[in-house]
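Given next are the chains, with one letter for each unit.
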Amino acid sequence: MSTTQARPIRVIVVDDSALIRKLLARILDQAPDIEVVETAADPYDAREKIKQHDPDVLTLDVEMPKMDGITFLRNLMRLRPMPVVMVSSLTEAGADVTLQALEIGAVDFVTKPGVDVSHALEAYSGTLIDKIRAASGIRIQARSSTPAGTATPATRTNAGGGTRRFRTTDRVIALGASTGGVEALKEVLMGLPPDSPGIVITQHIPAGFSQAFAERMNRSTALRVKQAEDGDVIMPGHVFIAPGTDYHLRVDRDGARYICRLDDQNAVNRHRPSVDVLFESAAQSSGSNTVAALLTGMGDDGARGLLALREAGAHTIAQDEATSLVWGMPGAAVKADAAVQVLPLGKIAQALLEDHHNKADAGANGGDTS
């Protein structure tokens with residue numbers, strides 16, 4: 001019997017703070033399948049150590065001396081593409097730069113605690129380790145400034161020619177995502193016209209980042225995008241994004257209207273907001289008037305909720321493995337037979353707009369991949 005063991009995931013930690021470098025390395029070294037092969041204090045130091053050690057994953061501070069993290073990341077994605085997990089401060093500026101890093105090619109991010117640093121980092125060591133493991137399995141290719149397959153957004157004054165029409169006030173679109181979801185959601189929303197049914201979104205994201213994410217999507221798409229508030233009426237052409245970390249987002253019915261409800265109940269599947277919470281509330285409130293899609297992300301949050309939606313008569317979609325950065329959540333949904341359709345990212349926006357009430361359940365024979 002062979003005694004050969006798999007090579008550990010090799011990580012280089014890049015941060016200008018000696019304390020953060022030490023803490024990140026200590027946390028990651030707790031995992032038997034992860035090895036921190038080196039740390040670096042700035043991008044120039046990191047560049048030489050990457051050449052020397054050929055790591056599987058890099059953690060990268062957003063703000064560093066000599067060369068900022070965004071410039072270094074852009075050069076890295078062009079010359080030596082590799083999985084990068086950003087380490088960001090919980091500030092408005094830090095959120096904007098981190099979202100920019102995800103556009104450039106970073107696969108995920110963790111926040112850098114600002115108070116009681118040692119305790120806070122230890123508290124989310126499990127999340128950090130999970131993100132490094134997920135990142136190590138992602139194959140990164142050099143990226144152009146406009147990713148292939150990215151939709152061109154419709155304008156807010158033009159609904160876009162051939163879109164099929166239906167009574168949008170009767171419909172709700174529900175979307176869920178995690179790792180890779182920021183960019184996947186952007187592509188989906190850019191493919192939707194300004195008169196789309198009302199949209200609710202749960203994306204796993206820290207509290208300090210959800211507002212910046214909503215503002216970025218509002219600038220990038222033909223839709224009106226905002227961070228959800230309790231009591232918001234879900235209206236056509238509007239998108240409501242769950243506030244990160246602090247609240248679950250639910251769909252509720254108020255007479256003839258659908259509204260957003262927020263609550264701070266316990267985390268579900270280790271997440272608050274949780275995609276399962278959103279999807280299960282939609283199954284109860286909007287039922288067969290819902291079209292839902294579960295996009296890229298690690299873990300299985302959303303799979304149970306997507307199944308509840310399908311059983312309630314909703315049309316359900318899972319992103320396919322080929323276009324998912326991490327096929328954890330949508331893969332779990334497919335395994336649970338929760339998805340009527342399994343589609344590449346570039347086809348999901350159009351599928352959300354189709355009048356599925358006039359179609360037979362395409363998933364009756366195990367799911368449609370068309």
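Just so you know, these numbers come straight off a predicted model, no measurement behind them.

Student: Residues and numbers for the packing of helix 7 (residues 181-190) against helix 12 (residues 345-353), please.
Tutor: Contact pair helix 7 / helix 12: the axes reach a minimum separation of 8 Å and the direction vectors enclose 45°. With respect to helix 12, the element helix 7 is oriented oblique. At the point where helix 7 passes helix 12, the crossing takes the right-handed sense. Facing Ala 184, Glu 187 and Val 188 of helix 7, the residues of helix 12 in contact are Leu 345, Gly 346, Ile 348, Ala 349 and Leu 352.

Student: Could you give an account of the packing of aromatic side chains, naming the residues involved and the relevant values?
Tutor: Applying the stated rule across the entire model yields one aromatic pair. The residue whose ring lies beneath Lys 131 is Phe 109, and the NZ or CZ to ring-centre distance is 5.5 Å.

Student: Help me get a handle on the packing of helix 3 (residues 69-79) against helix 4 (residues 92-104), residues and values and all.
Tutor: When two helices pack together, you describe them by how their axes are tilted relative to each other and by the distance separating the axes. Packing of helix 3 against helix 4 leaves a shortest axis separation of 10 Å and a crossing angle of 5°. Classified by the interaxial angle, the pair formed by helix 3 and helix 4 is roughly parallel. The residues of helix 4 that touch helix 3, namely those facing Ile 70, Leu 73, Arg 74 and Met 77, are Val 97, Gln 100, Ala 101 and Ile 104. Taken together, the residues of the contact of helix 3 with helix 4 break down into six nonpolar, one polar and one charged.

Student: Would you mind going over the pairing of strand 7 (residues 198-203) in detail, with residue names and values included?
Tutor: Buried residues dominate strand 7, accounting for six of its six residues. With burial as the criterion, each face of strand 7 is covered, one bearing Gly 198, Val 200 and Thr 202 and the other bearing Ile 199, Ile 201 and Gln 203. Of the pairings in the sheet, the one linking strand 6 (residues 172-177) to strand 7 comprises six bridges and is parallel in character. The residue bridging Ile 173 from the neighbouring strand is Ile 199, located in strand 7. For the crossover that starts at strand 6, traverses helix 7 and ends in the parallel strand 7, the hand is right-handed. Relative to strand 9 (residues 238-241), strand 7 is paired through three bridges, and the arrangement is parallel. The residue of strand 9 that forms the bridge with Ile 201 is Ile 241.

Scoring rules and cut-offs
Residues numbered from 1 in each chain as written. Predicted model: local features only at pLDDT ≥ 70, side-chain atom pairs only at ≥ 80, totals over all residues. Heavy atoms only, no water. Axes fitted to C-alpha atoms, helices over the stretch in contact; angles between N-to-C directions. Helix = DSSP H or I, 4+ residues; strand = E, 2+ residues; numbered from the N terminus. Parallel < 35°, antiparallel > 145°, perpendicular 65-115°, else oblique. Left-handed = near helix turned anticlockwise from the far one by under 90°. Contact = heavy atoms within 4.5 Å. Phe/Tyr/Trp six-rings, centres within 6.5 Å; stacked < 30°, edge-to-face > 60°. Lys NZ or Arg CZ within 6 Å of the ring centre and 35° of its normal. Nonpolar A, V, L, I, M, F, W, Y, C, P; charged D, E, K, R; others polar. Buried < 20%, exposed > 50% of the residue type's maximum accessible area, 1.4 Å probe, protein only. Pairing = 2+ DSSP bridges. Right-handed = clockwise from strand over helix to strand, strands pointing away.

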